[in-house]
Amino acid sequence: MPFDPIDPLAFTTPEAAIAGDRVIHGEALNTMRQLPDGAFDALITDPPYCSGGTTTSDRTSRSAVQKYVSSDSKSGKAMPDFPDQRDQRSFTIWSSIWLGEALRLVRPGGQALVFTDWRQLPALSDAIQCAGWRWRGIVVWAKTGARPQPGFANGAEYVLWASHGTIDRDHKPPCLPGVYTLASPRGKVRQHITQKPLELMRHLVRTVPADGLILDPFAGSGTTGAAALAEGRRFLGIEGTSAYARIAAERLAGPMTAENGTSV
């Protein structure tokens, strides 16, 4: 039986929204505003980059499918599109607004890990600091199989690491690599245009205390949630595209499997 995503209007109280491991179908910022202060231990998310082109027209007029799905990586199935058309100035302002709301939701001492690409790295780092987070560093995801091009291949994406003030002194996460070399999901395991590797996400959630609650306001196909459950953390995802909200909800309701098909 399909596991339906939850409508944010179904909340009886803000506290009810964070009970259990679930995905809410709703616009990120509006849904976040309904949640209680300091309810989360971490923000781990992959927001729309509003990137994918060398000109403003490329970035604001093309769909996410047109920008991010190349002819050599289409897996024979159509994937739902999602909004991704802001220019860089509006992206920076929008990011500072939702990151400020996320700061309210993550308790002092908690952390944030937010994905971006090379084009939006300066804008996102500004937005994180404008929102009140303390920027702490960058994690590099070196993607294997980058498209060939003259000069240097754009073969990496980045995770900006930040904290809500001083990180808890009594929380001692493992010493994790700052660079990960992993392929993007392909074939049957790829359910989202910009899906991240489950192995990478499992490493990221290990920075969160055991049984900690992770917020992902841009849940996509639910990879952050799958990683959280596999690593013994709790999860609340928000996803604005109904098709992806359903995919994520069903994924979290089913058995947890790795991208090679084995159990996790």
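For every chain, the first residue of the written sequence is number 1, and numbering continues from 1 onward in sequence order. The model is predicted, so local features are restricted to residues of pLDDT at least 70 and side-chain atom pairs to those at 80 or more, both for listing and for counting; the totals for chains, interfaces and linings are taken over all residues. No hydrogens and no water enter the side-chain calculation; it runs on all heavy atoms of the structure.

Novice: Would you take a moment to explain the packing of helix α4 (residues 88-105) against helix α5 (residues 121-130) for this structure?
Specialist: Two quantities define a packed helix pair, namely the angle between the axes and the distance from one axis to the other. Axis definition: a line fitted to C-alpha atoms, limited for helices to the stretch in contact. Angles are taken between N-to-C directions and run from 0 to 180 degrees. Secondary structure follows DSSP: runs of H or I at least 4 residues long count as helices, runs of E at least 2 residues long count as strands, and numbering of each begins at the N terminus. Where α4 meets α5, the closest approach of the two axes is 8 Å, and the angle between their N-to-C directions is 35°. As α4 packs across α5, the resulting crossing turns out to be right-handed. For the pair α4 and α5, the contacting residues are Gln88, Phe91, Thr92, Ser95, Ser96 and Leu99 in the first and Ala123, Leu124, Ala127, Ile128 and Cys130 in the second. For the contact of α4 with α5, the class distribution of residues is seven nonpolar, four polar and no charged. Take the far helix as the reference: if the near one is turned anticlockwise from it by less than a right angle, the crossing is left-handed, and if turned clockwise, right-handed. The contact criterion used is simple: two residues touch if any of their non-hydrogen atoms lie within 4.5 Å. Each residue gets one of three labels, nonpolar for Ala, Val, Leu, Ile, Met, Phe, Trp, Tyr, Cys and Pro, charged for Asp, Glu, Lys and Arg, and polar for the others, Gly among them.

Novice: Is there a simple way to explain helix α8 (residues 242-253) in this structure?
Specialist: Compared with the 16 Å implied by 1.5 Å per residue over 12 residues, the 17 Å span of α8 between its first and last C-alpha is a close match. Only protein chains enter the area calculation, which uses a 1.4 Å probe; residues under 20% of their type maximum are buried, those over 50% are exposed, and those in between are partly exposed. Along α8, the residues that are buried comprise Tyr244, Ala245, Ala248, Ala249, Arg251 and Leu252. Seen from one end, α8 has its buried residues packed into an arc of 160°, which puts them on one side. Elements in contact with the buried residues of α8: β1 (22-25), α7 (223-230) and β8 (234-239). Multiplying 1.5 Å by the residue count of a helix minus one yields the expected span of that helix. The arc in question is the one spanned by the directions pointing from the helix axis to the C-beta atoms.

Novice: Would you mind showing me how to read the packing of aromatic side chains here?
Specialist: Centre-to-centre distance and the angle between the planes together describe a pair of aromatic rings. Only the six-membered ring of Trp is used, alongside the rings of Phe and Tyr, when aromatic pairs are assigned; centres must lie within 6.5 Å, and planes under 30 degrees apart are stacked while those over 60 apart are edge-to-face, with the rest tilted. If you walk through the whole model with that rule in mind, you get four aromatic pairs. Taken together, a centroid distance of 6.1 Å and an interplanar angle of 50° make the contact between Phe91 and Trp94 tilted. You can see Phe91 and its partner Trp94 sitting in helix α4, three residues apart, about one turn around the helix. With relative accessibility at 2%, the residue Phe91 sits in the buried group. By relative accessible area, which is 13% here, Trp94 ends up buried.

Novice: Is there a simple way to think about the pattern of salt bridges in this case?
Specialist: Side chains bearing opposite charge may pair, as long as their charged atoms lie close to each other. Salt bridge, as used here, is a side-chain nitrogen of Lys or Arg placed within 4 Å of a carboxyl oxygen of Asp or Glu. Enumeration according to the criterion identifies 12 salt bridges in this entry. Lys143 is the salt-bridge partner of Glu157, the closest N and O atoms lying 2.8 Å from each other. One end of the pair, Glu157, is in strand β5 (residues 156-163); the other, Lys143, is in strand β4 (residues 134-144), with 14 residues separating them in the sequence. Since its relative accessible area comes to 22%, Lys143 is described here as partly exposed. For the salt bridge of Glu250 with Arg246, the shortest nitrogen-to-oxygen distance reads 3.7 Å. Of this pair, Glu250 and Arg246 are both found in helix α8, four residues apart, which corresponds to roughly one turn of the helix. What makes Arg246 partly exposed here is its relative accessible area of 35%.

Novice: What am I meant to see in the confidence of the model for the chain here?
Specialist: Low-confidence regions, as indicated by low pLDDT, have predicted coordinates that should not be scrutinised in detail. Each residue gets a pLDDT score, which is the predictor's confidence in that residue and runs from 0 to 100. Residue-level pLDDT values for the chain average 83, and 78% of them are 70 or greater. A low-confidence stretch, residues 70-76 stays under pLDDT 50, and its non-local contacts, those more than four residues away or across chains, total five contacts.

Novice: I would appreciate a short explanation of the sheet that holds strand β2 (residues 40-45) in the present structure.
Specialist: The strand order across the open sheet built from eight strands is β1-β8-β7-β2-β3-β5-β4-β6, with neighbouring strands paired in mixed fashion. The sheet terminates laterally at β1 and β6 (179-183), the two strands that pair on one side only. Put simply, the sheet's adjacent strands are angled 20° from each other on average, direction ignored. Sheet contacts for α5: β3 (106-116), β4 and β5; angle to β5, the most-contacted strand, approximately 10°. Lying over the sheet, α7 contacts β2, β7 (213-216) and β8, oriented at roughly 175° with respect to β8. Here, a strand pair is defined by DSSP locating no fewer than two bridges between the strands.

Novice: Sorry if this is basic, but what is going on with the nonpolar core here?
Specialist: Generally speaking, nonpolar side chains in soluble globular proteins are found buried as a group. Take the buried Ala, Val, Leu, Ile, Met, Phe, Trp, Tyr and Cys residues and link them wherever side-chain atoms come within 4.5 Å; each set so joined is a nonpolar core. Residues Leu35, Phe40, Leu43, Trp98, Leu99, Trp133 and Leu215 are the most contacted members of the largest nonpolar core, which totals 35 residues. With seven residues, α4 is the single largest residue contributor to this core. Ranked by size, the runner-up nonpolar core spans 27 residues in total, among them Leu182, Leu198, Ile214 and Ala219.

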